[in-house]
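As a plain string of letters, each chain reads:
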Amino acid sequence: MRTRDAPVDAPAAGTWSLLRHPAREAGDGRMLAITSADAGWQYVSLAVHRLHPGQRLSRPGDDQEVLALVLEGQATVGVDRERFEGVGGRASVFDTVPAGVVIVEPGRDVEVVPESETLVAIAAAPGGDRRVTWVRRPADVFTETRGTGNTARRIHHLLPPAADAGRLIAFEVYTPGGNWSSYPPHKHDTDDPPRESYLEEVYFYRFARPSGFAVQRIYTPDRALDETLTVTDGDLVLVPRGYHVVGAAAGYDTYYLNVMAGPTRLWRFTVDPDHAWLMDWDPERPKG
C-alpha cells in the first residue's frame, strides 16, 4: 500500500475533504482513520491497520457497534473473553475468498491479534436496536456478479442488510480495469423508506497493481456538490450525499470496501434519472 508523508490524522482541506490518503503506520499499525466527527456526519467511522505478528489492536467497548474485517492475513479476534480464531486467511484482497467478518455489539471490548501479517479494517456506528456478536466465515458470504459488459463487477456481501446486525452494512467490490462500478450513479441521502434510505458511506480502495488508479464522481442533483476524485492505493473516499459512481482505469483491477450506516438498516437508493436506462441488475434480488 502506498503511503504519503503526512500525519495519520491530518485533515484534508477544501474540495479534497472527501478524499483521505494513507499515512505512515502509527504504533498500533494504523494507516488510515476517520471518525464520524472528522467526517462531519453522524454514523460511520473507519480505521485501517497493518498489523505484524506480536502486535495487538485493542478497542475498548463503548456505545458503538463494531465491525472487525480481516482483509488480508489471518487473526484471532477477541470479544471480552470470547475468542474467534482463524478469522480471515486470504493473502490478498484480490484473492477470490471473501474477508473474515466479526460483528460486535456495543459495550464489548475488541482485541485483534494477528496470526500473520494482517490488514484489518475496524468500522463502527452507534448501536441500533439489534445487539449481537458473531463471526461470519468466508464460506458463508454470498457472492454476486452484478452488471454486464463494461459494468460487470463482483460483490462480496460481507454484512448485507439481511444479515443480523444493528446498524452497519458492508460489501467488497471487485471491478476489472476499464470497467465502471457503483453503476449507474445512485444516491441514498434521503430518509424516505421504502423509496430511499439515508446511509453515510465510505470507500476504501486497493489496486492489484499498486500504481493503479480509479476515478470517483460524487454529485448532487443541483450540482452544489460535484467532485471527481482520483483515487490511488489505500485511499479512503467519503460519500456524505449525492449520486456516486466509480470508473477503474484500464489495466488496473480495482477493489473497494464499502461501509455504510444510517438511522435504519435498509439499503434503498435512487438512480440518477439521466442514467436510469443503464440499470441492468435487480436490487431486489434476495441476498445472503
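Conventions used here
- Residue numbers restart at each chain and count upward from 1, following the sequence in its written direction.
- Only residues with pLDDT of at least 70 are given local features in this predicted model, and only at 80 or more are side-chain atom pairs given and counted; all residues enter the totals for whole chains, interfaces and linings.
- Side-chain measures here rest on the full set of heavy atoms in the structure, leaving out hydrogens and waters.
- Put simply, a nonpolar core is a bunch of buried Ala, Val, Leu, Ile, Met, Phe, Trp, Tyr and Cys residues held in one set by side-chain atoms that sit within 4.5 Å of each other.
- Exposed residues in this analysis have more than 50% of their type's maximum accessible area, buried residues have under 20%, and partly exposed residues fall in between, with area computed by a 1.4 Å probe over protein chains only.
- Helix and strand definitions here come from DSSP, where helices need a minimum of 4 consecutive H or I residues and strands a minimum of 2 consecutive E residues; each element is numbered from the N-terminal end.
- Every residue pair with non-hydrogen atoms within 4.5 Å of one another is taken to be in contact.
- Strands were regarded as paired on the criterion that DSSP finds at least two bridges between them.
- Between the N-to-C directions of two axes lies an angle of 0 to 180 degrees, each axis being a line fitted to C-alpha atoms and, for a helix, fitted only over the stretch in contact.
- Counted as salt bridges are all cases of a side-chain nitrogen of Lys or Arg within 4 Å of a carboxyl oxygen of Asp or Glu.
- Here a polar contact is taken to be a pair of N or O atoms separated by no more than 3.5 Å, where protein atoms must pair a possible hydrogen donor with a possible acceptor and residues adjacent in sequence count only if both atoms sit in side chains.

K.L.:
Got a minute to help me understand the nonpolar core in this structure?
P.N.:
Within soluble globular proteins, side chains that are nonpolar tend to cluster in buried spots. Grouped together as the largest cluster of nonpolar side chains are 60 residues, with contacts concentrated most on Leu46 and Leu71. Examining the composition of this core, we find that 6 residues originate from one element, strand β21 (residues 254-261), more than from any other. In this structure, Leu46 is in contact with Leu32, Ala33, Ile34, Ala121, Ile122, Ala123, Val202, Phe204, Leu236 and Val259, ignoring residues within four places of it in sequence. With 17 residues, the next largest nonpolar core counts Ala68, Val77, Val87 and Val104 among its residues.

K.L.:
Help me understand the sheet that holds strand β19 (residues 236-239) in this model?
P.N.:
In sheet architecture, strand pairing relies on hydrogen bonds along the backbone and comes in two forms, parallel and antiparallel. Across the sheet, 7 strands lie side by side as β1-β19-β16-β21-β14-β13-β12; this open sheet has antiparallel pairing. Every other strand in the sheet has two partners, leaving β1 (19-20) and β12 (142-146) as the edge strands with one partner each. Alignment of strand β14 (residues 169-175) against β21, held across 7 bridges, turns out to be antiparallel. Each residue of the ladder has a partner; that of Glu172, found in β21, is Leu257.

K.L.:
What should I look at first to understand the sheet that holds strand β5 (residues 64-72) in this one?
P.N.:
Reading across from one edge, β2-β3-β10-β5-β8-β11 is the order of the 6 strands in this open sheet, with antiparallel pairing throughout. Each edge of the sheet is formed by a strand with only one pairing partner; in this case those strands are β2 (30-34) and β11 (134-136). Put simply, the sheet's adjacent strands are angled 15° from each other on average, direction ignored. Of the strand pairs in this sheet, β5 and strand β8 (residues 100-104) are connected by 5 bridges, and their pairing is antiparallel. Residue Ala68 lies in a different strand from β8, and its bridge partner there is Val102.

K.L.:
Hey, could you run me through the pattern of salt bridges in this one?
P.N.:
It is possible for side chains of opposite charge to pair when their charged atoms get near one another. The tally for this structure, following the rule as stated, stands at 19 salt bridges. The partner of Arg90 in a salt bridge is Glu172, and the shortest N-O contact between them spans 2.3 Å. Of this pair, Arg90 sits in the loop between β7 (82-88) and β8 while Glu172 is found in strand β14, placing the two residues 82 residues apart along the sequence. Ionic pairing is found between Lys187 and Asp189, a salt bridge with its closest N-O pair at 2.9 Å. Overall, the relative accessible area of 10% leaves Lys187 in the buried class. By sharing partners, the salt bridges in this structure join Arg50, Glu72, Glu117, Arg206 and Asp233 into a single network.

K.L.:
For this particular structure, what's the right way to read the side chain of Thr151?
P.N.:
Inspection of the secondary structure assignment puts Thr151 in the loop between β12 and β13 (153-159). Only 3.4 Å separates the side chain of Thr151 from the side chain of Asp280, close enough to count as a polar contact. Setting aside residues no more than four positions away along its own chain, Thr151 makes contact with Arg146, Asn179, Trp180, Tyr183 and Asp280.

K.L.:
Help me understand unusual backbone geometry, please; the structure alone is not making it clear to me.
P.N.:
Peptide bonds are, in most cases, trans, and in most cases residues other than glycine have a negative phi. Pro184 follows Tyr183 through a cis peptide bond whose omega is -5°. Along the polypeptide, Pro184 turns up in strand β15 (residues 180-187). At the junction of Pro193 and Pro194, the peptide bond is cis and its omega measures out at 5° in the coordinates. When you line up the elements, Pro194 lands in the loop between β15 and β16 (200-207). Despite not being glycine, Ser182 has its phi angle at roughly 50°, a positive value. Relative to the helices and strands, Ser182 resides in strand β15. One non-glycine residue, Arg223, lies in positive phi territory at about 65°. Looking at the secondary structure, you find Arg223 in the loop between β17 (213-219) and β18 (226-232). Judged by its relative accessible area of 38%, Arg223 is partly exposed.

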